[in-house]
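Overview (structure and organization)
Given next are the chains, with one letter for each unit.
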Amino acid sequence: MRKIGVIIRKEWSEVFKNRLVLGTVGFLPLMLTAMPLVLLRVMGGEGGLGEVGTSDMPASFARLCEGLSGAECAQYFFVTEFLLLYMLMPLMIPVTIAAYSIVGEKSTRTLEPLLATPVTTIELLAGKGLAAVLPAIGATWLSFAVFAIGARLLGVGPRLVAKLADPMWLLAIFIVGPLLAIASVSVAVMISSRVNEPRVAEQLAGLVVLPLLALFFGQVSGLILLNLRLVLWMAVGLLALDSGLLAFAVQLFQRESILTRWK
Amino acid sequence: MIVTEGLGKRFGELQAVEDLSLRVHAGEVFGFLGPNGAGKTTTVRMLSALIGPTSGKAWVAGCEVGRQDGELRRKVGILTESPGLYDRLSAERNLEFFARLYEVADVAGQVERYLRLLGLWDRRHEPVGGFSKGMRQKLAIARAMLHEPQVVFLDEPTSALDPEAARLVREFVAELKHEGRAIFLCTHNLDEADRLCDRVAVFRTRLLALDTPAALRRQLFGRSVVFHLRTMEASFAERVRALPAVQSVQIVDRKLVVGLEDPESANPQLIRALVEAGADIQFVGELRRTLEDVYLKLVGTPDGIPAT
């Protein structure tokens, strides 16, 4: 465990000196927290939504608005659109950190001296993985907390704020988010084994956001309704996916593979 | 300290290392020489438990390769071909990181010791990205030594260094030898190998020769004495060839190169014979063969034609 901590501290002290990484890790949470808050502010302001009834909402969504006024339900509808975008954080942040952390080691040829130490490959993978996953989870959770507090400060009604802490949101933020981050790191490890340029790795691994964006546009277009059941299925699916991806990443992250098969 | 028995490594169709058997003792500097692609790096990687052998066995610092790899890595230090340092971190931070991974008890003390020893203490807070090649190499050597390994693998330790720094590193290697460590030195600098190594192995996929540099020179070339004459006549060579101690005679310009088993005993007789034959001897000296001659004879010239 101690060596995992040593690796994490080294990763952070090195990776966060890279402005590109720092920019990604800082900018995404800021943007994705500010956008729904601005939306809430605009919608909640004078003449924002006027008199909206739940009859104006998709029927399936209106059922989720139990206890909310029409205007609150509309706010909830729009803010819920952002829930999937929130999930971009646990996907994009680990990809960026892991790409620079692993491909960076390849390009500076620091992997061999590192592998020559008594650290086990599991410790190494865990150290590098956690160094990428923890900031993403931290940023997601912190952004959510800032969003919830910000919403309250912006005068959003307590019923809506309470709704934002319902099981669907909590499951998405606290379970699906970390699972996405693990999947993202695993994909980054796989791609890092095949490319030699951190930016290329970042761009390729960044393709992991595509399924999420598909869900987002499905939701925006009304084809998909984000509800507790769907988020629960996402969690179960991701758990299975992560198990497979992690097993593959561990297989790939063996000394001999890294030194002889990685390009 | 290092024992290999029929060690081999195959990558698919490619046999990188074949049937390597050798022993390296404590307090010995062992030169491992061979052309690029000969399998030197693969051998070092096997012996430092980075990759597993596909045949044979090896023990390093008492640990069997493939069975006690974690313990083995604690006991060996490795200087890889490229220094491989974290450019954004300071020299001190680079060493601290590795010292912690090697579970060094006194991290700060060891880091300071080796930074001072290699002349980098004053630059310890600077990011390594701004270091010269020589400074980077010295830092990488310090990293290899932090945990006081019993066996040290050095791959081209002086390749990027200026003469002054190269000398410092050679003195450092000699010091390691006196501390009783086994040094496994891969180098293309044959003069350096000649000066530093107690024994050398010439290797190309398999072992071609293994002995002390002097013994290899003797085995491959024997000993030769060169007589510089004022004028050269064929009769001088005839006269010398007739002597029983003489193994070979060659005429090169006005020089007579005579192969002998024991020059110290045969020289007076040879000189007498040449003087009696009317030769004016200007100078007599032993033909010095270098480790490079040995290497090229064993490995072949860069074009693959064995040197004569």
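Residues numbered from 1 in each chain as written. Chains lettered and ligands numbered in written order. Predicted model: local features only at pLDDT ≥ 70, side-chain atom pairs only at ≥ 80, totals over all residues.

Details of the environment of Glu71(B)
- Secondary-structure assignment places Glu71(B) in helix H2 (residues 69-75).
- Accessibility expressed as a C-beta count within 10 Å gives 15 for Glu71(B), which makes it partly exposed. (Helix = DSSP H or I, 4+ residues; strand = E, 2+ residues; numbered from the N terminus. Buried ≥ 20, exposed ≤ 12 C-beta atoms within 10 Å, placed from the backbone.)

Remarks on the interface of chain B and chain A
- Facing 26 residues of chain B, the contacting portion of chain A comprises 20 residues.
- Elements supplying a minimum of two residues to the side of chain B that touches chain A: H2 and helix H3 (91-101) of chain B.
- If one sorts the elements of the side of chain B that touches chain A by residue count, H3(B) sits on top with 5 residues.
- Residues of the side of chain B that touches chain A, tallied by class, amount to 11 nonpolar, 6 polar and 9 charged. (Contact = placed C-beta atoms within 7 Å. Nonpolar A, V, L, I, M, F, W, Y, C, P; charged D, E, K, R; others polar.)

Concerning the sheet that holds strand S9 (residues 199-204) of chain B
Residues and elements named next belong to chain B.
- Reading across from one edge, S6-S7-S8-S3-S9-S10 is the order of the 6 strands in this open sheet, with mixed pairing throughout. Here the strands that pair on one side only, and so sit at the sheet edges, are strand S6 (76-79) and strand S10 (206-211). Across the sheet, the axes of successive neighbouring strands diverge by a mean angle of 15 degrees, strand direction being ignored.
- Relative to strand S7 (residues 151-155), S6 runs parallel, the two sharing 4 bridges. Looking at the pairing, Ile 78 lines up with Phe 153 of S7.
- Against the sheet, helix H1 (residues 40-47) makes contact with strand S3 (29-33), S7, strand S8 (182-186) and S9, and its axis sits at roughly 155 degrees relative to S7, the strand it touches most.
- Seen against the sheet, helix H6 (residues 163-178) touches S3, S7 and S8 and runs at an angle of roughly 145 degrees to S8. (Pairing = 2+ DSSP bridges. Axes fitted to C-alpha atoms, helices over the stretch in contact; angles between N-to-C directions.)

Topic: the nonpolar core
- Counting 153 residues, the largest nonpolar core has Met89(A), Ala188(A), Ile183(B), Phe184(B) and Leu185(B) as its most contacted members.
- Counting residues in each nonpolar core, the second largest holds 9 residues, with Phe227(B), Phe236(B), Val240(B) and Val258(B) among its members. (Core = buried A, V, L, I, M, F, W, Y, C linked by C-beta atoms within 7 Å.)

Looking at the packing of helix H8 (residues 213-221) of chain B against helix H11 (residues 291-299) of chain B
Residues and elements named next belong to chain B.
- With their axes 9 Å apart at the nearest point, H8 and H11 run at an angle of 55 degrees to one another. The angle between the axes of H8 and H11 places the two elements in the oblique class. Considering the relative orientation of H8 and H11, their crossing is left-handed. Of the residues in H11, those in contact with Pro 213, Leu 216, Arg 217, Leu 220 and Phe 221 of H8 are Leu 291, Asp 293, Val 294 and Lys 297.
- The residue makeup of the contact of H8 with H11, split by class, is 6 nonpolar, no polar and 3 charged. (Parallel < 35°, antiparallel > 145°, perpendicular 65-115°, else oblique. Left-handed = near helix turned anticlockwise from the far one by under 90°.)

Observations regarding the environment of Ala160(B)
All names here are of chain B.
- The residue Ala 160 is located in the loop between S7 and H6 in this model.
- Note on Ala 160: 18 C-beta atoms within 10 Å, which makes it partly exposed.
- For Ala 160 and Gln 137, which are 23 residues apart along the polypeptide, the C-alpha to C-alpha distance reads 7.2 Å.
- In contact with Ala 160, not counting residues within four places along its chain, are Lys 133, Gly 134 and Gln 137.

A word on the sheet that holds strand S1 (residues 2-11) of chain B
All names here are of chain B.
- The 4 strands lie next to each other as S2-S1-S4-S5, forming an open sheet whose pairing is antiparallel. Among the strands making up the open sheet, the edge pair consists of strand S2 (14-24) and strand S5 (63-64).
- Bridge count between S1 and S2: 7 bridges; the pairing is antiparallel. When the sheet's bridge partners are listed, Val 3 is paired in S2 with Arg 23.

Quick look at helix H9 (residues 167-192) of chain A
- Between its first and last C-alpha, H9(A) extends 36 Å over 26 residues, near the 38 Å set by a 1.5 Å rise per residue.
- Burial within H9(A) is extensive, with 20 of its 26 residues counted as buried. (Expected span 1.5 Å × (residues − 1).)

A short note on the pairing of S3(B)
Residues and elements named next belong to chain B.
- With respect to burial, S3 is a largely interior element, 5 of its 5 residues being buried.
- Burial of the side chains of S3 extends over both faces: Val 29, Gly 31 and Leu 33 are buried on one face and Phe 30 and Phe 32 on the other.
- Note: S3 against S8, 4 bridges, orientation parallel. Among the inter-strand pairings, Phe 32 is bridged to a residue of S8, identified as Cys 186.
- By the bridge criterion, 4 bridges tie S3 to S9 in an arrangement that is parallel. Looking at S9, one finds that Phe 30 is bridged to Arg 199.

Some points on unusual backbone geometry
All names here are of chain B.
- One non-glycine residue, Asp 19, lies in the positive phi region at around 50 degrees.
- By the element assignment, Asp 19 lies in strand S2.
- Its 15 C-beta neighbours within 10 Å are what place Asp 19 among the partly exposed residues.

Quick word on helix H5 (residues 133-145) of chain B
- The first and last C-alpha atoms of H5(B) sit 19 Å apart over 13 residues, in line with the 18 Å expected at 1.5 Å per residue.
- Within H5(B), 11 of the 13 residues are buried, leaving the element largely enclosed by the surrounding structure.
- When H5(B) is considered as a whole, its buried residues turn out to be Met135(B), Arg136(B), Gln137(B), Lys138(B), Leu139(B), Ala140(B), Ile141(B), Ala142(B), Arg143(B), Ala144(B) and Met145(B).
- Buried residues belonging to H5(B) abut helix H6 (111-115) of chain A together with S6, H3, helix H4 (107-117), S7 and H6 of chain B.

A closer look at the packing of H9(A) against helix H12 (residues 228-252) of chain A
Residue and element names in this part refer to chain A.
- Where H9 contacts H12, the axes come no closer than 8 Å and their chain directions differ by 25 degrees. The pairing of H9 with H12 is recorded here as roughly parallel in orientation. As for the relative orientation of H9 and H12, their crossing is left-handed in sense.
- Partitioning the contact of H9 with H12 into residue classes produces 26 nonpolar, 1 polar and 1 charged.

Observations regarding the confidence of the model for chain B
Residue and element names in this part refer to chain B.
- Looking at chain B as a whole, its pLDDT mean stands at 89, while 97% of the residues score no less than 70.
- Mean pLDDT across the elements of chain B bottoms out in H8 (85) and peaks in H3 (96).
- The low-confidence segment residues 303-308, where pLDDT is below 50, has 6 contacts with residues more than four positions distant or belonging to other chains.
- ipTM for the predicted complex: 0.81, alongside a pTM of 0.81. (pLDDT = per-residue confidence, 0-100.)

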